[in-house]
Amino acid sequence: MNAFTQYTVEPVVRKNLNFKLEEIPRFWFGGDPFKTRMFDALSLTFPDGERYFIESVRLFRDKIKDPKLQLRVADFIRQEAQHGMAHDKMNQVMKDQGMPVDQFIQTLNKMFKFELTKRSPAYNIAMTAAAEHLTALMADTFYSHKETLQDAHPYVRALLAWHAIEEMEHRDVAFDVMKQVGEVPELTRKFALAFTTVLMLGFTTYRANIMLKHDGFDRLSRLKMTVKGLPWFVGSNGMLTKMRKPYAEWFKQDFHPSQHPIIAQYDVWLKTLAETNDPIQAGEAFWQAGK
Ligand SMILES: [Fe+2]
Ligand SMILES: [Fe+2]
């Protein structure tokens, strides 16, 4: 065990939360097509991405002897399955808007199938643990500062808030599987984060561009939107750039996800959900409580 302070929260599997996604406007991020489609492009990879994470972890289920880790793996699987279902609903909204979601998903599935059947279990669990590092950091960066999602529609903001909460709850499960039974070479572990990041950013921008084309924007408008909008994500003061320090800590040999504090207003979400039983109000309170 390392000498760092460890921050952990217990995973809770929450089912059938309703975010009323069928009511959101087409450009739900403050009427901004580029920001909307970037988040949509990221969101649409979640259902199959998360099923891929589940399969990667399952490859090691028989090797896990620690009963505590077995339970955490079970919760991880159940949480990710719920996320997949909720984001499937978001995919339906995009499909109803005429977005080529099915085509994107077919390509994604081919890629995941290839990874699972042609590459080693060690490679797959490293990619999964790395992607989980990214999602936990995104969860933090989306909600630490209120201004980041200020213009987002409250229903989508609430969906992402719930997802953020649970990503923080299980952020170290795939990592612990990788460390305890994955037999992952250090170089593979490090490569996995760099590679996952490139894939996620590249595919998100690419898919957002295709969606904007389906929205009716011509090539020049799309180029202008990308040049103007991309710095908001990855510019010197961009939303994702802000997570570079915790991101880079992955590359330290003694890194563990629990070294990072849990987002300050985590309890606000839990408390509001317990009081109202409404995930939209919980998401709103959670977002409001950001700095
Ligand atoms: Fe998830
Ligand atoms: Fe996750």
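Look above for the structure.
Residues numbered from 1 in each chain as written. Chains lettered and ligands numbered in written order. Predicted model: local features only at pLDDT ≥ 70, side-chain atom pairs only at ≥ 80, totals over all residues.

Considering the overall build of the chain
Formally: Only DSSP runs of H or I covering at least 4 residues are called helices, and only runs of E covering at least 2 are called strands; the numbering of each starts at the N terminus. For the radius of gyration, the atom set is restricted to C-alpha positions; the globular benchmark scales as 2.2 Å times the number of residues to the power 0.38. Counting other C-beta atoms within 10 Å of a residue's C-beta gives its exposure: the residue is buried at 20 or more, exposed at 12 or fewer, and partly exposed in between, where C-beta atoms are placed from the backbone. Contacts are defined on C-beta atoms placed from the backbone: any two residues whose C-beta positions lie within 7 Å are in contact.
The helix and strand tally for the chain stands at 11 helices and 0 strands. A compact globule built from 291 residues should have a C-alpha radius of gyration of about 19 Å, and the chain, at 18 Å, falls within 12% of that. For the chain, the spread of C-alpha atoms along the principal axes amounts to about 55 × 45 × 35 Å. By residue count, 40% of the 291 residues in the chain fall in the buried class. Considering only contacts within the chain whose residues lie at least 6 apart along the sequence, 82% involve residues at least 24 apart.

Topic: unusual backbone geometry
The bulk of non-glycine residues show a negative phi, and the bulk of peptide bonds are trans. The backbone of asparagine 16 shows a phi angle near 50°, a positive value even though the residue is not glycine. Its location among the elements puts asparagine 16 in the segment before α1 (33–58). The phi angle at asparagine 277 is positive, at roughly 60°, despite the residue not being glycine. Structurally, asparagine 277 is set in the loop between α10 (266–276) and α11 (279–288).

Focus on helix α2 (residues 67–96)
Defined as follows: To estimate the expected span of a helix, count its residues, drop one, and scale the result by 1.5 Å.
For α2, built from 30 residues, the straight-helix expectation of 44 Å at 1.5 Å per residue is met to within 8% by its first-to-last C-alpha distance of 44 Å. Restricting attention to buried positions, one finds in α2 the residues Arg72, Val73, Phe76, Ile77, Gln79, Glu80, His83, Ala86, His87, Met90, Asn91 and Met94. Those residues of α2 that are buried lie in contact with α1, α3 (101–118), α5 (154–169) and α6 (173–181). In the stretch just after α2, glycine 98 is the one whose phi turns positive, near 90°.

Notes on the packing of helix α7 (residues 186–214) against helix α8 (residues 219–234)
Note the following rule: To obtain an axis, a line is fitted to C-alpha atoms, over the contacting stretch when the element is a helix, and the angle between two such axes runs from 0 to 180 degrees between their N-to-C directions. Put simply, angles under 35 degrees are roughly parallel, angles over 145 are roughly antiparallel, angles from 65 to 115 are roughly perpendicular, and the rest are oblique. Two helices that cross are described as forming a left-handed crossing if the nearer one is turned anticlockwise from the farther one by less than a right angle, and a right-handed crossing if clockwise. Throughout, the ten residues Ala, Val, Leu, Ile, Met, Phe, Trp, Tyr, Cys and Pro are labelled nonpolar, Asp, Glu, Lys and Arg are labelled charged, and all others, Gly among them, are labelled polar.
Contact geometry for α7 and α8: axes closest at 10 Å, N-to-C directions at 140°. Regarding the angle of α7 to α8, the classification is oblique. In the crossing of α7 with α8, the sense of the turn from one axis to the other is right-handed. Along the contact surface, α7 presents Asn209, Leu212 and Lys213, while α8 presents Arg222, Met225 and Thr226. Split by residue class, the contact of α7 with α8 holds 2 nonpolar, 2 polar and 2 charged.

With respect to the environment of phenylalanine 46
Within the secondary structure, phenylalanine 46 is located in helix α1. As a C-alpha pair, phenylalanine 46 and methionine 127 span 81 residues in sequence and 14 Å in three-dimensional space. Not counting residues within four places of it along the chain, the set of residues in contact with phenylalanine 46 comprises His83, Gly84 and His87.

Observations regarding the packing of helix α4 (residues 121–144) against α5
The N-to-C vectors of α4 and α5 enclose an angle of 130°; their axes lie 8 Å apart at closest approach. Considering their axes alone, α4 and α5 lie oblique with respect to each other. As for how α4 packs across α5, the hand of that crossing is left-handed. Across the interface between the two elements, Thr135, Ala136, Ala139, Phe142 and Tyr143 from α4 touch Leu160, Ala161, Ala164, Glu167 and Met168 from α5.

Some thoughts on α7
Along an α-helix, a turn takes 3.6 residues, which lines up residues three or four apart on a common side. Compared with the 42 Å implied by 1.5 Å per residue over 29 residues, the 42 Å span of α7 between its first and last C-alpha is a close match. Taken together, the buried positions of α7 are occupied by Arg189, Ala192, Leu193, Met200, Thr204, Arg207, Ala208, Met211 and Leu212. Of the surrounding secondary structure, the elements contacted by the buried residues of α7 are α1, α3, α4 and α8.

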